[in-house]
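Results of the structural survey
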Amino acid sequence: MNGQRWTLRDADRTLRLFITAFLIVLSSGYAIGLLFVDHTTSGTTRGLSEHFRGTPENVESAELKYAKSADEMYIFLHNHILSLSLVFAAVGAIFYFHSLRPGVFKDILLVEPFGAIGTTFGGIWLMRFVSEYFSWMVLLSGISMVACYVIMVLLILKDLWIRK
C-alpha cells in the first residue's frame, strides 16, 4: 500500500460481510437493551429514579418499585460497565479504520462513549444513593452514548458498502 493507511473501503467482500453481520447482531442486542430501559423506566427521569430508588411512599403508582440494594447496584454496574466497554471497544476498533481522516470528530466518536459509560453509570450510583436529580445526567449521557454508537455503525456500514 506504499505508506497509505488501510481503511474499511479496502476490505474484501468476506471481511465486509463479516463486519456487517457482527454489527447487525450487536446492534440488535443493543436495541433490545434500549427497549428494556424504556420498558422499565418509560425513558423519563422520574422513571429512572423510581427504577433505582423505588416508588416514593406518597405516590400512587400502577407498579410499586423497591429501591435497589447496594448488592444489586454493584452487580448491575459491574455487568453493564464491563459489557458496554467491550461493545464500544469492538465498534471503536472497527471505526478506527473508517476512511474519515483522523481529527476531532473521529476522536470524539471513539472516546466519548467511554466517558458516557462513566457518567451514565456513575450517575446511576449517585442517583440511587445521593439524589434523584442525577437522573438528568444519566439521561443525557445515555443519549450521547447511543448517538455515538448509531453514528459510528452507520458510518462503518457506509464505508463498507457505498463506493463512490
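Below or above, wherever it landed, is the structure these notes cover. (Residues numbered from 1 in each chain as written. Predicted model: local features only at pLDDT ≥ 70, side-chain atom pairs only at ≥ 80, totals over all residues. Heavy atoms only, no water.)

**Let's talk about the nonpolar core**
Inclusion rule: Nonpolar cores were defined as sets of buried Ala, Val, Leu, Ile, Met, Phe, Trp, Tyr and Cys residues, with membership established by side-chain atoms within 4.5 Å. Only protein chains enter the area calculation, which uses a 1.4 Å probe; residues under 20% of their type maximum are buried, those over 50% are exposed, and those in between are partly exposed. Only runs of H or I of at least four residues qualify as helices and only runs of E of at least two qualify as strands under DSSP, and these elements are numbered from the N terminus. Note on contacts: a residue pair is in contact if any heavy atoms of the two residues lie within 4.5 Å.
The biggest cluster of nonpolar side chains holds 31 residues, and the ones touching the most others in it are F88, V91, I124, M145, Y149 and I156. Those elements that place two or more of their residues in this core are α1 (13-41), α2 (45-53), α3 (70-95), α4 (104-129) and α5 (135-161). Dropping the residues within four chain positions of it, V91 is found in contact with L23, L26, Y149, M152, V153 and I156.

**With respect to a nonpolar patch on the surface**
This is how the line gets drawn: Exposure above 30% relative accessible area and no salt bridge define the residues that can form patches, which grow by joining like charges within 9 Å and nonpolar side chains of Val, Leu, Ile, Met, Phe, Trp and Tyr within 5 Å. Areas reported as accessible are Shrake-Rupley estimates using a 1.4 Å probe. Residue values count occlusion only from the protein chains shown. Salt bridge criterion: a side-chain nitrogen from Lys or Arg within 4 Å of a carboxyl oxygen from Asp or Glu.
Together, L17, W161 and I162 give the surface a local cluster of nonpolar side chains, amounting to about 270 Å² of exposed area. Checked against the element boundaries, L17 lands in helix α1.

**Looking at the environment of I151**
With respect to the helices and strands, I151 occurs in helix α5. A relative accessible area of 32% means that I151 is categorised as partly exposed. What I151 contacts, discounting residues up to four positions off in sequence, is F105 and L109.

**Looking at the pattern of salt bridges**
Enumeration over the complete set of coordinates arrives at two salt bridges. In this structure, D159 engages R9 in a salt bridge whose closest nitrogen and oxygen atoms are separated by 2.6 Å. On the criterion of sequence distance, the pair formed by D159 in helix α5 and R9 in the segment before α1 is long-range, its members being 150 residues apart. Under the relative-accessibility criterion, D159 is labelled buried at 1%.

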